[in-house]
Amino acid sequence: MNLRPTQSDSASSPPESRYNLGESDCPIPVPRPFTVALAGTPNCGKTTLFNRISHLRHKVANYPGATVEKRSAIVRLGGREMEIVDLPGIYSLGTESQDELVTREFCLRQRPDLILAVLDATNLERGLYLLLQWLELGFPVLAALNLWDEAQALGLRIRVERLSQLLGVHIIPTVARTGEGLGALLKALEEAARNPAVPAFHLPLEPPVEDEVARLVPLLEQRDGSANRYPLDWVALKLLEGDSALAGELRVGGEADDLLAREIEAGANRLRALYGQPPAILLSARRHEYARDLVRQVVAVVPRRGPTRSDRIDRLLVSTWFGLPFFLVVTYLVFEFAFTVGRAPMAWIEAGVGALSAALMSMLPPGVLRSLIVDGVVGGVGGVIVFLPNILLLFIAMAILEDSGYMARGAAIMDRLMSRVGLHGKSFIPMMIGFGCNVPAIMAARTLENRRDRLITMLVLPMMSCGARLPVYVLFISAFFTRGAPVLFSIYLLGIFMAVISALVLRRIVFRGGRTPFVLELPPYRLPTLRSVLLHAWDHAWMYLKKAGTVILLLSVVVWFLSTYPRPPKTSDVRGPAALRYTVAGTVGSLIEPVLRPIGLGDWKVGVALVSGFAAKEVVVASFATLYNVGEAAERSSALRDALRRDPLWTPLSAYALMVFVLLYIPCLPAMVMLRRESGSRKWVALEIAYTTTLAYTVALIVYQGGKLLGWG
Amino acid sequence: MNRALAALEEHFAMTFVAEGIADTREHRAILRAFCNADSPHLTLEELLDRVRAQGVETKPDTARSVMARLCEYGLAREVRTDDGQILYEHLHLDQHHDHLICTRCKRVMNFHDERLEELKEVVATNRHFHPLRHRLEIYGLCDRCLPAGGIVRTLLDVAAGERVRVVSAGGGRRFSQRLADLGLVPNSEIQVINNTGPIIVALGNSRVALGRGVAAKIVVR
Ligand SMILES: Nc1nc2c(ncn2[C@@H]2O[C@H](COP(=O)(O)OP(=O)(O)O)[C@@H](O)[C@H]2O)c(=O)[nH]1
Ligand SMILES: [Mg+2]
Ligand SMILES: [Zn+2]
Ligand SMILES: [Zn+2]
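All values derive from a computational prediction rather than experimental measurement.

Caption draft 1: Representation of the overall build of chain B in the model. Along chain B, the regular secondary structure elements total 7 helices and 12 strands. Taking all 221 residues of chain B together, the buried fraction comes to 42%. Restricting the contact set of chain B to residue pairs at least 6 apart, pairs at least 24 apart contribute 54%. Carbon and sulfur atoms make up 52% of the accessible area of chain B, which totals about 11,900 Å².

In structure tokens:
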């Protein structure tokens, strides 16, 4: 079936008539909108451009399942629906790293109707290197020459017209950051959608390589249709390069005696013998050369090549003696910022929630319904929303680090340390993201190329204290400690320390073997824009709010029910908090209570809160809010702190033990679901749950008992 | 040869277009003249004569630039004779010579030494062996790869600010592919920006951070 809706019957030979698209994987014959894939190297401004374009969106969607990291938006352009897809950056189609495979798979399998190639104008050669690969594949391409302003500032004069002619591709200079050139780009998109032209392109190759390709093509023709999705000489070339993903897809070498597989190997060996290099490197060099030739043709003035401002900054910030200390200071400031600046807005929200529950108290008649709404819903959800400012600030700080380009430096600086403890420099970015939320962090571990490195990173990453744990700390720190930031920082450091220990243990026991070497491109330092920082932070804050509106709301009600029913028998005259003993929560909590006693948390309420926290750690706060407000409904929800202070269970030491436990015990449910997906096995999830719980208990025990010995209890 | 020649012509046609050279007929004539030549060495004059024999006019400069391209692609070699004349030599045409092969930069140097040829004959006849053909290849490091002190330099040894050329970027298959995609292929020019802590190199306008372990595997000159 042909999935392309309208343009397939247009007069000018459309691209799909060139190759047999008959065997598409998709079983549902829905007409889909014209799909445009934004593809380019990392950091060339794809996402910025995407946000610019999707500003006209009526719908922004996250793909489900394995493809969350792609974002797409439907826009209407020239009376036509278009789906714009933002993809992770890639350097080459020949990639084998996990995150980049997403892009490759999307483009090869779904075959977007148009590739919107985003080129970094300050680094044209690299962008063209990738663009050539789309052309080799016979895709229709439109190019945005982005970062045009930076190229101008560097003194690069690029003859866009000429480049356009040489490639046969329409190229529009853009500045995604300001929106300059966007109008022209949209017009070109519209035009391309009406009339998608495939530029004729053939990568010039040395005769011996051409000969090998020519030898393979007839063999490919003889095979069943699977290879016909792509131009056969492209397939032949890729197979010679040793593209294992493609070989897998086409099931080359699937049978024991595969003539094609043997021919490929023989051909690759001949080329290796002739050139003294593997074909993949040879062709990579050839493509670079071709791209460089193009650049020479069109870049009028080669800029001065001394050290740039970024280089001078790097000589300081990445150097051995200054790099690490500076980095640690920056990280500390991030937390200080999130904690201190967040105090005022937090008070406003608290006051608002308090006012709301007071109003509800006076409006509603006393009874079960009022208790449900005020204690369950407002108390639970309100107790979580209060922390929105902290979360928002933390994400703003992270977005600034990311957008400025410092995060990549952090990875480079940390590589030496990380490699000592069995991690990888690139583990650093997922771990940093882990401070925000573990779920995307586990996903971000895909940038690690080696499976062992990836698994270790994913398993220790939940010890990075995510934003959802912050509410718990903030609640207890503000209730029991006078100086907040040092205590908070110590908790985060403890998390890092435990992650390090765990990584060492995992590397020694479970995953022996070498590490992959560290290579990472560094973007130039840039001033983050307000717009992108806020967008970034808002995305996460919105996720948090949605969680508060759904999971947390639901769980608050559940906790309320469990802590309300069954009621004490009518005959007894038990009233107030004592009545809780009879409820389900009371029973469950009492069961756990003895276990928690050695770590200073011997109260059934703590048991209930911790169990409920498995769904999402913010729920711990919501549960405490619900549990402490039961029977004292007249209290305002903001008074949870006072309620805690009044409870003799809590001392600074037991509060600290609780924080330690919350930091380390079972990562939340969504994170475990993600771990299951990304690790591909339940085994790792089981290991993770068992390990973290044991660790949490042990460390909390050491903290509490040790503290008591030292007389802090 | 004919298929190869046809493919070669095609290849050059594309390169010429990319280079912005309008008429390719002239260039093809030059290409054909060189590839079909009977002698292994051609002077520029001889080459121009053969082009004219095909009924195509060409200027020496054009011929020179086409030959420069062919040399770049490893199909021809420029030989400067002692009197300063330039000869274009076919690579791998069947005239006997022996090879010195640099295992690092893959450079091949030809040599022919009569004494060695005689010695080979002597060795064979003494053993009642009748030689039909022979080949001698000497593997090692060329003068560019083994500088005066005899030290092999890796990126680790390069000071900040210095500009060097990549000789080889080692490591596993996947890994050298990744380096290649970033542009770290043999013969690419790079500049070291930072050499304390992680190594930062500049490739054109982009910057790549490399762990010290990686840098140790990148041989430069
Ligand atoms: N000066 C300038 N900066 C840009 C432009 N486009 C994007 N950026 C910045 O480049 C960085 C990377 O952009 P991003 O969209 O995340 O790149 P992606 O990795 O390709 O998605 C961000 O800091 C952007 O603000 C541009 O046209 N001009
Ligand atoms: Mg992006
Ligand atoms: Zn030879
Ligand atoms: Zn050499």
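Next comes the rest of the write-up.
Caption draft 2: Spatial organisation of the nonpolar core. All names here are of chain A. The biggest cluster of nonpolar side chains holds 128 residues, and the ones touching the most others in it are Tyr473, Phe476, Val606, Phe624, Trp650, Leu658 and Leu664. Per element, the largest residue contribution to this core is 10 residues, and it comes from helix H16 (residues 388–404). Look past the residues within four positions of Tyr473 in its chain and what remains in contact with it is Ser465, Ser478, Leu488, Ile491, Tyr492, Met659 and Leu663. Judged by nonpolar contacts, the second largest core, of 68 residues, contains Leu135, Phe201, Leu219 and Ile264.

Caption draft 3: Structural view of a nonpolar patch on the surface. Residue and element names in this part refer to chain A. On the surface, a nonpolar cluster with roughly 690 Å² of combined accessible area is contributed by Val368, Leu554, Val558, Phe561, Leu562, Tyr565, Val584, Val588 and Val611. Residue assignment for the nonpolar patch shows that the elements contributing at least two residues are helix H23 (530–562) and helix H24 (584–596). Top element by residues in the nonpolar patch is H23. It accounts for 4 residues. Locating Tyr565 in the fold gives a position in the loop between H23 and H24.

Caption draft 4: Here's a closer look at the interface of chain A and chain B. Listed as interface residues are 56 residues of chain A and, on the opposing side, 48 residues of chain B. On the surface where chain A and chain B come into contact, there are 1 salt bridge. In this structure, the salt-bridge partner of Arg207 of chain B is Asp311 of chain A, at a minimum N-O distance of 2.6 Å. Our count for the contact surface shared by chain A and chain B stands at 16 residue pairs in polar contact (both at pLDDT 80 or more). Counting only elements with at least two residues in the side of chain A that touches chain B, the list comes to helix H3 (124–136), helix H5 (160–167), helix H7 (207–222), helix H11 (279–298), helix H12 (309–317), helix H17 (406–420) and strand S8 (519–522) of chain A. When residues in the side of chain A that touches chain B are grouped by element, the largest group, 10 residues, is from H11 of chain A. For S8 of chain A and strand S11 (residues 206–210) of chain B, the ladder comprises 4 bridges, and the chain directions are antiparallel. Across the sheet, residue Leu520 of chain A finds its bridge partner in S11 of chain B, namely Ala209 of chain B.

Cut-off values and rules
Within each chain, residues carry numbers counting from 1 in the order of the written sequence. Key to labels: chains lettered from A, ligands numbered from 1, both in the order written. Only residues with pLDDT of at least 70 are given local features in this predicted model, and only at 80 or more are side-chain atom pairs given and counted; all residues enter the totals for whole chains, interfaces and linings. Hydrogen atoms and water are omitted, and side-chain values are computed over all heavy atoms in the structure. The numbering of helices and of strands both runs from the N terminus, where a helix is a DSSP run of H or I of at least 4 residues and a strand a run of E of at least 2. Relative accessibility decides the category of a residue: with a 1.4 Å probe and only protein chains considered, values under 20% of the type maximum give buried, values over 50% give exposed, and everything between is partly exposed. By definition in these notes, contact holds between two residues if any of their heavy atoms fall within 4.5 Å. Only the protein chains shown count as cover for residues, with accessible areas throughout obtained via the Shrake-Rupley method and a probe of 1.4 Å. In this text, buried Ala, Val, Leu, Ile, Met, Phe, Trp, Tyr and Cys residues form a nonpolar core when linked through side-chain atoms within 4.5 Å. Patch construction takes residues with relative accessible area above 30% that form no salt bridge. Like charges are linked within 9 Å, and nonpolar side chains (Val, Leu, Ile, Met, Phe, Trp, Tyr) are linked within 5 Å. By salt bridge we mean one thing: a side-chain nitrogen of Lys or Arg within 4 Å of a carboxyl oxygen of Asp or Glu. Each polar contact in these results corresponds to two N or O atoms within 3.5 Å; when the atoms are within protein, one needs to be able to donate a hydrogen and the other to accept it, and residues that are neighboring in sequence are counted only if both atoms are side-chain atoms. In short, DSSP must find at least two bridges between two strands for them to pair.

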